[in-house]
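Each chain is listed here by its residues.
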Amino acid sequence: MNASMMMINSMSVSPDMPSSSPFQSQSLSTPTSSPPSTSLPLRTIPGSYGWPLLGPISDRLDYFWFQGPETFFRKRIEKHKSTVFRTNIPPTWPLFLNVNPNVIAVLDCKSFAHLFDMEIVEKKNILVGDFMPSVKFTGGLRVSAYLDTSEPKHAQLKGFAMDTLKRSSKLWVSEVVSSLDTLFDTVEKELSEKNSISYVVPLQKCVFNFLSKSIVGADPKADAEIAENGFSMLDKWLALQILPTVSINILQPLEEIFLHSFAYPFALVSGDYNKLYNFVEKEGKEVVQRGQDEFGLTKEEVIHNLLFILGFNAFGGFSIFLPKLINAIASDTTGLQAKLRSEVKEKCGTSALTFESVKSLELVQSVVCETLRLNPPVPLQFARARKDFQLSSYDSVYDIKKGELLCGYQPLVMRDSKVFDDAESFKAERFMGEKGSELLSYLYWSNGPQTGTPNDMNKQCAGKDYVTLVACVIVAYVFQRYESITGNSSSITAVEKAK
């Protein structure tokens, strides 16, 4: 599911989106890397990288096999009595010879915030840590996500992304609703024949369809193969890039041997990627031409970056996030659905949904944000020290050396009990009211705080506000159409039509 130049910062807001987003609050300043309090003691960073080869391999096996990512980090917090420590992150040797797995973990909100201070950290080629998939996956180019803000091309590409989102913003809601109509028509039809249906594939088709139209200006229906299989082409393209870094919980040691031991070659998906490239080139001509004429990009730069935004940032992010959002609502037994339905009916009625109308849905917005807190689409965030600096956690200060790689595991950071009350629990109303608005400063799912604004000086998701508002539209749509919905993150078992 992850852009602008300074001259077009205003483009971070769509024409029908006021500059004061309902998801933003300036009442609490975002934590920064300002000089740490002198009252905090300077501490040597605990932990170690272990013996060469053996240390990284041991950590890899813990991370993927014996413990899993969350337990991996929790146990080391307990061992070192610190949320800042040294460890290794997969992928590792022996077959990833050019990848340095050594990281400094930052696992509380205060230390984690340093990852977004572009004065002290850089983001060159560290989207997934020190490992970078072959640029063949992106046409031989380093796309915007791999560029640091100091690189001139970053401003051009982020500006193009922001401009594209701004121009297409009026289409988003209508395309989302149209695609949702198709999705839930399919759900209802299948539920009439079965007791339970998997909605994962229909949902991915829905997401691919509205994103293609909204971002690229290309209708998948113009190409029968893309319409039918475009989503699965992106799935495979994404999977081959990130498989060395993620666990998919298959039988061990098969996962370690076949998924985490080597980088997959682009050749396995080159045919599908070329079809997607040709689709964007042909059906997204207007957007492609504007990138060349107004932003000085080559046609290849425009198309490969559009595909990355569409596939990695938008499609990938939504494919992870939306099932979690549906699960949070459809599996709830606390009465949340009745509250959501009441709010939607009161504030929106049966009128056509708009970004403007869903901004009045305070509970819906809070549920979306709480889901993002507990289930951020991108679990790991990285940054490399641009220079020597001092990093502070709640109780200590640490010396960071230029070139060291910082790593934050977001699902754990977002359970920081010093920031979030009852941090392990899903609290639907957490982000409501004045106190809830203040907490948005610590909601970092978008590679920056929810109160932040994407621009060419940071790496925050260009579509941050669109993602949250689209999610609100989806929740509002569900409760305009249904009294209730029952299911989980992969299937729906029952729906009750709205009365």
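Since the structure is predicted, the reported quantities are computational estimates derived from the model, not experimental observations. (Residues numbered from 1 in each chain as written. Predicted model: local features only at pLDDT ≥ 70, side-chain atom pairs only at ≥ 80, totals over all residues. Heavy atoms only, no water.)

Q: Is there a simple way to think about the sheet that holds strand 1 (residues 84-88) in this case?
A: Picture the strands of a sheet paired through backbone hydrogen bonds; they go either parallel or antiparallel. If you walk across this open sheet you meet the 5 strands as 1-2-8-5-3, and the pairing is mixed. Edge positions in the sheet fall to strand 1 and strand 3 (121-122), since each has one partner strand and no second. In this sheet, strand 8 (residues 405-409) lies alongside strand 5 (residues 380-385) in antiparallel orientation, the contact comprising 5 bridges. Note that in strand 8 the partner of phenylalanine 382 across the bridge is cysteine 407. With respect to the sheet, helix 2 (residues 69-80) is in contact with strand 1, strand 2 (102-106), strand 5 and strand 8, its orientation differing from that of strand 1 by roughly 130 degrees. (Pairing = 2+ DSSP bridges. Helix = DSSP H or I, 4+ residues; strand = E, 2+ residues; numbered from the N terminus. Contact = heavy atoms within 4.5 Å. Axes fitted to C-alpha atoms, helices over the stretch in contact; angles between N-to-C directions.)

Q: Explanation requested: the pattern of salt bridges in the structure shown.
A: Two side chains of opposite charge can pair, provided their charged atoms sit close to one another. Taken as a whole and judged by the stated rule, the model has 34 salt bridges. For the salt bridge of glutamate 228 with lysine 205, the shortest nitrogen-to-oxygen distance reads 3.4 Å. Residue glutamate 228 is found in helix 6 (residues 224-242), and its partner lysine 205 is found in helix 5 (residues 200-216); the two are separated by 23 residues along the sequence. For lysine 205, a relative accessible area of 31% gives the class partly exposed. Residue glutamate 483 pairs with arginine 341 through a salt bridge whose shortest N-O separation is 3.2 Å. Here arginine 341 lies in helix 11 (residues 336-347) and glutamate 483 lies in strand 9 (residues 482-487), a separation of 142 residues in the sequence. Taken individually, glutamate 483 and arginine 341 each receive the classification buried, so the pair is uniform in this respect. (Salt bridge = Lys/Arg side-chain N within 4 Å of Asp/Glu carboxyl O. Buried < 20%, exposed > 50% of the residue type's maximum accessible area, 1.4 Å probe, protein only.)

Q: Explain the environment of threonine 350 here, please?
A: Among the structural elements, threonine 350 can be located in the loop between helix 11 and helix 12 (355-358). By relative accessible area, threonine 350 is classed as exposed at 81%. Sequence separation between threonine 350 and aspartate 62 is 288 residues; the distance between their C-alpha atoms is 51 Å.

Q: Looking at this model, I keep getting lost on a nonpolar patch on the surface. Mind explaining?
A: Among the surface-exposed residues, Ile248, Ile250, Leu251, Leu254, Ile257 and Phe258 lie close enough to one another that they form a single nonpolar patch of about 560 Å² accessible area. Inspection of the secondary structure assignment puts isoleucine 257 in helix 7 (residues 254-258). (Patch = residues over 30% accessible without salt bridge, like charges linked within 9 Å, V, L, I, M, F, W, Y side chains within 5 Å. Areas by Shrake-Rupley, 256 points an atom, 1.4 Å probe, with all protein chains shown as cover.)

Q: Just to check I follow, could you spell out the sheet that holds strand 10 (residues 491-497) for this structure?
A: The strand order across the open sheet built from 3 strands is 4-10-9, with neighbouring strands paired in antiparallel fashion. Bordering the open sheet on either side are strand 4 (197-198) and strand 9, each of which pairs with just one other strand. Sheet topology places strand 9 next to strand 10; 5 bridges connect them, and they run antiparallel. From the neighbouring strand, glycine 487 faces strand 10, where its bridge partner is isoleucine 492.

Q: So what exactly am I meant to see when it comes to the pairing of strand 5 here?
A: The two faces of a sheet get side chains in turn, since along a regular strand they alternate between them. In terms of residue burial, strand 5 counts as a mostly covered element, since 6 of its 6 residues are buried. Burial along strand 5 is two-sided: the face carrying Leu380, Phe382 and Arg384 and the face carrying Gln381, Ala383 and Ala385 are both buried. With 2 bridges joining them, strand 3 and strand 5 adopt antiparallel strand pairing. Along strand 5, the bridge assignment pairs glutamate 122 with arginine 384.

Q: What exactly am I supposed to notice about the nonpolar core here?
A: Here is a general trend for soluble globular proteins: nonpolar side chains tend to be buried in one another's company. One finds Phe73, Phe184 and Leu211 to be the most contacted residues of the largest nonpolar core, which totals 145 residues. Considering each element in turn, this core owes the most residues, 16 residues, to helix 10 (residues 299-330). If near-sequence neighbours (up to four positions away) are discounted, leucine 211 is found in contact with Trp172, Val216, Leu310, Ala314, Phe315 and Phe318. (Core = buried A, V, L, I, M, F, W, Y, C linked by side-chain atoms within 4.5 Å.)

Q: Where do I start with the UniProt feature "binding site: heme" (unreviewed entry) in the chain in this structure?
A: According to UniProt, the positions carrying the feature "binding site: heme" (unreviewed entry) are Cys461. Residue placement: cysteine 461 occurs in the loop between helix 15 (433-439) and helix 16 (464-481). (UniProt positions renumbered as here; feature names shortened; annotations may be inferred.)

Q: Got a minute to help me understand the packing of aromatic side chains in this structure?
A: Aromatic ring pairs are reported here in terms of the distance separating the ring centres and the angle at which the planes meet. By the definition in use, this model includes 26 aromatic pairs. An angle of 20 degrees between the planes, with centres 5.8 Å apart, marks the rings of tryptophan 237 and tyrosine 273 as stacked. Note that tryptophan 237 is positioned in helix 6 and tyrosine 273 in helix 8 (residues 270-283), a separation of 36 residues in sequence. The pair formed by tryptophan 237 and tyrosine 273 is uniform in burial state, with each residue classed as buried. With centroids separated by 5.8 Å and ring planes inclined at 80 degrees, the aromatic side chains of phenylalanine 266 and tyrosine 273 adopt a geometry described as edge-to-face. Note on tyrosine 273: relative accessible area 3%, which makes it buried. Every member of this aromatic cluster is reached through a ring pair, and the members are Phe137, Tyr146, Trp237, Phe266, Tyr273, Phe308 and Phe312. One Lys or Arg, arginine 76, reaches over the ring of phenylalanine 72 and ends 3.7 Å from the middle of that ring. Just above the ring of tyrosine 394 sits the side chain of lysine 418; from NZ or CZ to the centre is 5.6 Å. (Phe/Tyr/Trp six-rings, centres within 6.5 Å; stacked < 30°, edge-to-face > 60°. Lys NZ or Arg CZ within 6 Å of the ring centre and 35° of its normal.)

Q: Would you mind showing me how to read the environment of serine 366 here?
A: Examined against the element boundaries, serine 366 turns out to sit in helix 13 (residues 362-374). Considering only alpha carbons, one finds serine 366 and serine 437, 71 residues apart in sequence, at a separation of 9.4 Å. If we skip the residues at most four places from it in the chain, serine 366 touches Ala428, Glu429, Arg430, Phe431 and Met432. A polar side-chain atom of serine 366 sits 3.4 Å from the main-chain amide nitrogen of arginine 430. (Polar contact = N/O pair within 3.5 Å; in protein donor to acceptor, adjacent residues only side chain to side chain.)

Q: So what exactly am I meant to see when it comes to helix 6 here?
A: Since the α-helix packs 3.6 residues into each turn, any two residues three or four apart lie on the same face. Compared with an ideal rise of 1.5 Å per residue, which puts 19 residues at 27 Å, helix 6 spans 28 Å between its outermost C-alpha atoms and is within 8% of the ideal. Bending of helix 6 peaks at approximately 60 degrees at the position of glycine 230. Buried residues of helix 6: Ile226, Gly230, Phe231, Met233, Leu234, Trp237, Leu238, Leu240 and Gln241, and no others. Buried residues belonging to helix 6 abut helix 5, helix 8 and helix 10. Two to three positions downstream of the cap, the backbone nitrogen of glutamate 225 sits 3.0 Å from a side-chain oxygen, assigning the N-cap of helix 6 to aspartate 223. (Expected span 1.5 Å × (residues − 1). Bend = angle between axes of the 7 residues up to and from the residue.)

Q: I'm lost on unusual backbone geometry in this one. Help?
A: Glycine aside, the phi torsion of most residues is negative, and most peptide linkages are trans. Proline 90 connects to proline 91 through a cis peptide bond whose omega is 5 degrees. Of note, proline 91 is situated in the loop between strand 1 and strand 2. The omega torsion across glutamine 252 and proline 253 is 5 degrees, close enough to zero to call that bond cis. By the element assignment, proline 253 lies in the loop between helix 6 and helix 7. With phi around 70 degrees, leucine 53 is a residue other than glycine that occupies positive phi space. Within the fold, leucine 53 resides in the segment before helix 1 (54-66). Relative accessible area serves as the criterion here: at 43%, leucine 53 is assigned to the partly exposed category. Here asparagine 447, not a glycine, exhibits a phi torsion of approximately 70 degrees, which is positive. Mapped onto the fold, asparagine 447 is located in the loop between helix 15 and helix 16.

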